[in-house]
Amino acid sequence: EQTAVQEQSASKVVLPDAQTVTSVKHWNDRLFSFRVSRPASLRFRSGEFVMIGLMGDPDPKTGKQKPLLRAYSIASPAWDEELEFYSIKVQDGPLTSKLQHIQPGDQIILRPKPVGTLVHDALLPGKRLWLFATGTGIAPFASLIREPQTYEDFDQIILTHTCREVSELQYGKELVESVRTDELLNELMGEGFADKLVYYPTTTREESPKMGRITDLLKDGTVFRDLGIEGLSPETDRGMVCGSLPFNKDIMEILEGAGLREGANSEPAEFVVEKAFVG
Ligand code: A2P
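These figures come from a predicted structure and were not determined experimentally.

### Some words on the domain arrangement of the protein chain
- Considered domain by domain, the protein chain is made up of domain 1 (2–115) and domain 2 (120–275).
- Summarising the inter-unit geometry, the C-alpha centres of domain 1 and domain 2 are found 27 Å apart.
- The interface is formed by 23 residues belonging to domain 1 together with 23 residues belonging to domain 2.
- Together, the buried faces of domain 1 and domain 2 total about 1,800 Å²; carbon and sulfur atoms form 55% of this surface.

If you want it as structure tokens, here you go:
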């Protein structure tokens, strides 16, 4: 009997938190995105993350399997029927070495307890919203730029995305294009709502129209010259930051240098930060 259960759980997750994969897209050999069914009871705020994963390998001694879970930002907006995620593929990564092989119809585990600080509630009202991402740190912003409240609350939304190579920008590029042409959003927000959205992609290790770390381009004024903005001010500018720890630290220094303060759900302020999760 034991063996039958083990075999079953190896091929199909038999857990209450199982969700079904509906589509998978591979962006290059290191990045993929996928969509899964959404639990009917799951409510979340655009920008939050959940724990997702797969059953781990059976323990060699006991034969028992434990769920292997990691934090993933929900890349889809709160109104979407499905949930989208954007992930790296690490060849020897405990989870992503397996997760990268999922196919439509497969099941993943999703713990329906969304949390996170990259939410509108953690920011004071402002005019301009800066979304600063590196790599897969764009995921929570993929949710937020499809969230109507983002356009209701701000006059301008600037999404910066810094990656090493051009191919790593593709997910964000198509995302921004899809927002501009989204029928539902255009109907709801009025034609041209997406004119508020400014996309500012940069690469650091491969030639592209805009090269350099966003931190350097902010410090030397390039970003402000390019966008016709005077600079950052605590009266008008709000920020959300999602990347590696060193990236987050460097952006925070720039924002704090301009007089912006870090906020939280319990105490909204001018910017919020979350580490991009790595699978
Ligand atoms: P760089 O190529 O100059 O290191 P990673 O893959 O290492 O997480 O980096 C993703 C992108 O973020 C790369 O383009 C990288 O630039 C950039 N980056 C890494 N660390 C920082 C930082 N502290 N400040 C700004 N950009 C950074």
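Once you've had a look at it, read on.
### Here we look at empty space enclosed by the protein
- Throughout the structure, instances matching the rule amount to one cavity of 30 Å³ or more.
- For the largest cavity, the calculated volume is near 100 Å³.
- Forming the walls of the largest cavity are 11 residues, and the residues nearest its centre are Y72, S73, Y86, T136 and F277.
- Of all elements in the fold, only strand 4 (67–73) and strand 5 (82–88) reach the threshold of two or more residues within the lining of the largest cavity.

### Description of helix 9 (residues 245–257)
- When the terminal C-alpha atoms of helix 9 are compared, their 18 Å separation across 13 residues agrees well with the 18 Å that a helix rising 1.5 Å per residue should span.
- What helix 9 keeps buried is the set F247, N248, I251, I254 and L255. Buried residues of helix 9, viewed axially, fall in a sector of 125°; they line one side. Among the exposed residues of helix 9, those oriented more than 90 degrees off its buried face are L245, P246, K249 and G257.

### Regarding the site of the ligand
- Around the ligand lies a shell formed by T134, T162, C163, R164, T204, R205, R213, T215, P246, F247 and D250.
- Separating an oxygen atom of the ligand from a side-chain N or O atom of T204 is a distance of 2.6 Å.
- In the environment of the ligand, an oxygen atom lies 2.6 Å from a nitrogen or oxygen atom belonging to the side chain of R205.
- Starting from 550 Å² of accessible surface for the ligand in isolation, the protein chains cover 80%.
- Spatially, the ligand is embedded in the largest pocket.
- Mapped by element, the contributors of at least two residues to the shell around the ligand are strand 8 (156–163) and helix 9.
- Sorting elements by how many residues they give to the shell around the ligand places helix 9 first, with three residues.
- Considered class by class, the residues forming the shell around the ligand number three nonpolar, four polar and four charged.

### Description of the layout of surface pockets
- Empty space within the largest pocket amounts to approximately 750 Å³.
- Around the largest pocket sit 26 residues that line it, and T134, G135, T162, R164 and S244 are the ones nearest its centre.
- Counting residues per element, the ones that place at least two in the lining of the largest pocket are strand 8, helix 7 (214–219) and helix 9.
- Examining the composition of the lining of the largest pocket, we find that three residues originate from one element, helix 9, more than from any other.
- Taken together, the residues of the lining of the largest pocket sort by class into eight nonpolar, nine polar and nine charged.
- Two domains each put at least three residues into the lining of the largest pocket: domain 1 (2–115) and domain 2 (120–275).

### Digging into a positive patch on the surface
- Taken together, the side chains of R164, R205, R213 and K219 define a basic patch exposed on the protein surface.
- Positionally, R164 belongs in the loop between strand 8 and helix 5 (170–181).

### Some details on the sheet that holds strand 1 (residues 18–28)
- Strand order in the open sheet made by the six strands is 4-3-6-1-2-5, with antiparallel pairing throughout. Bordering the open sheet on either side are strand 4 and strand 5, each of which pairs with just one other strand. Taking the axes of each pair of neighbouring strands and ignoring which way they run, one obtains an average angle of 35° across the sheet.
- In this structure, strand 3 (residues 49–55) lies alongside strand 4, joined through seven bridges in antiparallel fashion. Counted as the bridge partner of G53 is L69 from strand 4.
- Here helix 5 sits on the sheet and contacts strand 1, strand 2 (31–37) and strand 5; the angle it forms with strand 1, its principal contact strand, is near 110°.

Each value, and the rule that gives it
- Residues numbered from 1 in each chain as written.
- Predicted model: local features only at pLDDT ≥ 70, side-chain atom pairs only at ≥ 80, totals over all residues.
- Heavy atoms only, no water.
- Domains from an automatic or database assignment.
- Contact = heavy atoms within 4.5 Å.
- Buried area = accessible area lost by both parts, 1.4 Å probe.
- 1 Å grid on protein atoms, 1.4 Å probe; cavity = no way out; pocket = protein on both sides within 12 Å on 5 of 7 lines; lining within 4 Å.
- Points joined across faces, edges and corners; volume = space filled by probe spheres on them.
- Helix = DSSP H or I, 4+ residues; strand = E, 2+ residues; numbered from the N terminus.
- Expected span 1.5 Å × (residues − 1).
- Buried < 20%, exposed > 50% of the residue type's maximum accessible area, 1.4 Å probe, protein only.
- Arc of directions from axis to C-beta.
- Near = heavy atom within 4 Å.
- Polar contact = N/O pair within 3.5 Å; in protein donor to acceptor, adjacent residues only side chain to side chain.
- Areas by Shrake-Rupley, 256 points an atom, 1.4 Å probe, with all protein chains shown as cover.
- Sits in = over half its atoms within 2 Å of the grid points.
- Nonpolar A, V, L, I, M, F, W, Y, C, P; charged D, E, K, R; others polar.
- Patch = residues over 30% accessible without salt bridge, like charges linked within 9 Å, V, L, I, M, F, W, Y side chains within 5 Å.
- Salt bridge = Lys/Arg side-chain N within 4 Å of Asp/Glu carboxyl O.
- Lys, Arg positive; Asp, Glu negative; His and termini not counted.
- Charge placed at Lys NZ, Arg CZ, Asp CG, Glu CD.
- Pairing = 2+ DSSP bridges.
- Axes fitted to C-alpha atoms, helices over the stretch in contact; angles between N-to-C directions.

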